[in-house]
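Fold and geometry: a report
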Amino acid sequence: ETGVTQTPRHLVMGMTNKKSLKCEQHLGHNAMYWYKQSAKKPLELMFVYSLEERVENNSVPSRFSPECPNSSHLFLHLHTLQPEDSALYLCASSHGTAPGEKLFFGSGTQLSVL
Amino acid sequence: KQEVTQIPAALSVPEGENLVLNCSFTDSAIYNLQWFRQDPGKGLTSLLLIQSSQREQTSGRLNASLDKSSGRSTLYIAASQPGDSATYLCAVRPRQAGTALIFGKGTTLSVSS
């Protein structure tokens, strides 16, 4: 275990559903990230939070809504998703956002949108 | 725009072989390069991080090299074992503003016993 826990591990949802992905880190880190891993594509950064403030948003559609209530928890709220949003969603954390920081990843949530 | 390419996409070797995984990147303006391992259905585990001023890093049977001027890195795995079977991802941290790691698509390694 890396100290980053994601739930649920698997999620199947219809295009009209609303669901949330949860991430919790037990490492005392100050930065948390959401990444998307689609089949046959490189990992893509979605959002970055540092000290509970969103510091980066990489042109992600508004149907993905992140929330960081404290430095240990990160959520990704999902609504009216499309089938092309099916992917592995990975959460990561780091001590800070300096260039030399190592990222620690969770096991991911495998999302299928029907 | 920085792009990271990993060759080959997949590799199968018998146990005990030494092997090399390749990573290339298009823009040499990077802070560092990182190699990750991903097991099926799992997250990523950081293996080695090489700062831009360094030439190589070693951890056990793994050795990663960095040639920033040519935009290349290699991950050398000595005496491969079936437990090394996984997907290996290379990622660079560009010097441009922002915090994103730019990833390659990975090389899927299969080591047979």
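Criteria and cut-off values
- Residues numbered from 1 in each chain as written.
- Chains lettered and ligands numbered in written order.
- Predicted model: local features only at pLDDT ≥ 70, side-chain atom pairs only at ≥ 80, totals over all residues.
- Heavy atoms only, no water.
- Helix = DSSP H or I, 4+ residues; strand = E, 2+ residues; numbered from the N terminus.
- Rg over C-alpha atoms; globule rule 2.2 N^0.38 Å.
- Buried < 20%, exposed > 50% of the residue type's maximum accessible area, 1.4 Å probe, protein only.
- Contact = heavy atoms within 4.5 Å.
- Pairing = 2+ DSSP bridges.
- Axes fitted to C-alpha atoms, helices over the stretch in contact; angles between N-to-C directions.
- Salt bridge = Lys/Arg side-chain N within 4 Å of Asp/Glu carboxyl O.
- Buried area = accessible area lost by both parts, 1.4 Å probe.
- Polar contact = N/O pair within 3.5 Å; in protein donor to acceptor, adjacent residues only side chain to side chain.
- Nonpolar A, V, L, I, M, F, W, Y, C, P; charged D, E, K, R; others polar.

This brings us to the overall build of chain A. Within chain A, the secondary structure is distributed over zero helices and 11 strands. Each helix and strand of chain A, ordered N terminal to C terminal, gives the series β-β-β-β-β-β-β-β-β-β-β. Computed over C-alpha atoms, the radius of gyration of chain A comes to 13 Å, within 12% of the 13 Å expected from 2.2 N^0.38 for 114 residues, which places it in the range of a compact globule. For chain A, the C-alpha atoms occupy an extent of roughly 40 × 25 × 25 Å along the three principal directions. When each of the 114 residues of chain A is scored for burial, the buried share is 46%.

What follows is about the overall build of chain B. Looking only at helices and strands, one finds zero helices and 11 strands in chain B. On C-alpha atoms alone, chain B measures out to a radius of gyration of 14 Å, which is about the 13 Å that the 2.2 N^0.38 rule sets for 113 residues. If you line up chain B on its principal axes, its C-alpha atoms span 45 × 30 × 20 Å. Put simply, chain B has 113 residues, and 46% of those count as buried. Sequence separation of at least 24 residues holds for 54% of the intrachain contacts in chain B that already meet a minimum separation of 6.

This part covers the sheet that holds strand S8 (residues 72-77) of chain B. Residues and elements named next belong to chain B. Strand order in the open sheet formed by five strands is S1-S3-S8-S7-S6, with antiparallel pairing between adjacent strands. What marks the edges here is a single partner per strand, and that holds for strand S1 (4-7) and strand S6 (56-59). Within the sheet, the average angular offset between the axes of one strand and its neighbour, ignoring direction, is 15 degrees. As paired strands, S1 and strand S3 (residues 19-25) are joined by four bridges and run antiparallel to one another. Across the sheet, the residue bridging to Ile7 is Asn22, located in S3.

The next subject is the environment of His10 of chain A. All names here are of chain A. Take His10: it is sitting in strand S2 (residues 10-13). Judged by its relative accessible area of 62%, His10 is exposed. Spatially, the C-alpha atoms of His10 and Lys41 are 20 Å apart, while their sequence positions differ by 31 residues.

Let's shift gears to the pattern of salt bridges. Residues and elements named next belong to chain B. In this structure the tally under the stated criterion is four salt bridges over all chains. Across the salt bridge formed by Arg61 and Asp84, the nearest N and O atoms sit 2.8 Å from each other. Here Arg61 is found in the loop between S6 and strand S7 (62-67), whereas its partner Asp84 is found in the loop between S8 and strand S9 (86-94), with 23 residues between them in sequence. For Arg61, a relative accessible area of 29% corresponds to the partly exposed category. The class for Asp84 is buried, based on a relative accessible area of 7%.

Let's shift gears to the interface of chain A and chain B. Size of an interface, as often reported, equals the accessible area lost when the parts are brought together. Taken together, the contact between chain A and chain B spans 24 residues of the former and 21 residues of the latter. When chain A packs against chain B, close to 1,700 Å² is buried across both sides, 55% of that on carbon and sulfur atoms. Taken together, the links from chain A to chain B amount to five residue pairs in polar contact (both at pLDDT 80 or more). Mapped by element, the contributors of at least two residues to the side of chain A that touches chain B are strand S4 (31-37), strand S5 (44-50) and strand S9 (87-94) of chain A. When its residues are assigned to classes, the side of chain A that touches chain B shows 12 nonpolar, six polar and six charged.

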